[in-house]
Amino acid sequence: AAIKQWIDSVIDKMDHFKAEHHRYVKEGVTLLELALWKAKLDEKDKNSAEGRTKKAKLDSESVRKMKRVTCGADTVIKNILPFLQLE
């Protein structure tokens, strides 16, 4: 009975640490995606201008959204995630 109780406690701890690992991986992937997006936003744009009008600000928002899609985070994360997953 004591051994079964010990085994159950070990299994509970393993489940807890797997869930904690999953949370850390999810947080890390989110930070990685944001860092890649930031790097893409920081790239010098040939068409950037110092003075922007209201219309330019709207265009800037669409450029930000486009750069989030084209920052390559999906490809990078897809290739890094297998190294972070527990089996």
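Rules used in this analysis
- Residues numbered from 1 in each chain as written.
- Predicted model: local features only at pLDDT ≥ 70, side-chain atom pairs only at ≥ 80, totals over all residues.
- Heavy atoms only, no water.
- Axes fitted to C-alpha atoms, helices over the stretch in contact; angles between N-to-C directions.
- Helix = DSSP H or I, 4+ residues; strand = E, 2+ residues; numbered from the N terminus.
- Parallel < 35°, antiparallel > 145°, perpendicular 65-115°, else oblique.
- Left-handed = near helix turned anticlockwise from the far one by under 90°.
- Contact = heavy atoms within 4.5 Å.
- Nonpolar A, V, L, I, M, F, W, Y, C, P; charged D, E, K, R; others polar.
- Patch = residues over 30% accessible without salt bridge, like charges linked within 9 Å, V, L, I, M, F, W, Y side chains within 5 Å.
- Areas by Shrake-Rupley, 256 points an atom, 1.4 Å probe, with all protein chains shown as cover.
- Salt bridge = Lys/Arg side-chain N within 4 Å of Asp/Glu carboxyl O.
- pLDDT = per-residue confidence, 0-100.
- Buried < 20%, exposed > 50% of the residue type's maximum accessible area, 1.4 Å probe, protein only.

For the rest of this paragraph, the subject is the packing of helix α1 (residues 2–42) against helix α3 (residues 73–84). Relative orientation and spacing of two packed helices are given, respectively, by the angle between their axes and the distance between those axes. Remark: α1 packs on α3, axes separated minimally by 10 Å, with the N-to-C direction vectors making an angle of 155°. Here α1 lies roughly antiparallel to α3, going by the angle between them. Of the two elements, α1 crosses α3, and the hand of that crossing is right-handed. The segment α1 lies against α3, with H21, V25, V29, L32, E33 and L36 engaging A73, V76, I77, I80, L81 and L84. Of the residues that constitute the contact of α1 with α3, the class distribution is 10 nonpolar, 1 polar and 1 charged.

All right, on to a nonpolar patch on the surface then. A grouping of I3, W6, I7 and I11 is seen on the molecular surface, where their side chains present a nonpolar patch of about 430 Å² in accessible area. Here W6 shows up in helix α1.

Time to look at the confidence of the model for the protein chain. Here the protein chain averages 85 in pLDDT, and 83% of its residues register 70 or above. Predicted confidence in the protein chain is weakest over helix α2 (residues 54–70), with a mean pLDDT of 77, and strongest over α1, with 95.

Within the element layout of this structure, K67 appears in helix α2. Beyond its immediate chain neighbours, meaning those up to four positions away, K67 contacts W37, K40, L41 and E43.

Applying the stated criterion across every chain, the model contains 4 salt bridges. Across the pair E33 and R68 runs a salt bridge, and its minimum N-O distance is 3.7 Å. In this pair, E33 is assigned in helix α1 and R68 in helix α2, connecting sequence segments 35 residues apart. According to the relative accessible area criterion, E33 is partly exposed, its value standing at 27%. When its relative accessible area of 39% is taken as the criterion, R68 is described as partly exposed. In this structure, the salt-bridge partner of K40 is E43, at a minimum N-O distance of 3.8 Å. Relative accessible area serves as the criterion here: at 45%, E43 is assigned to the partly exposed category.

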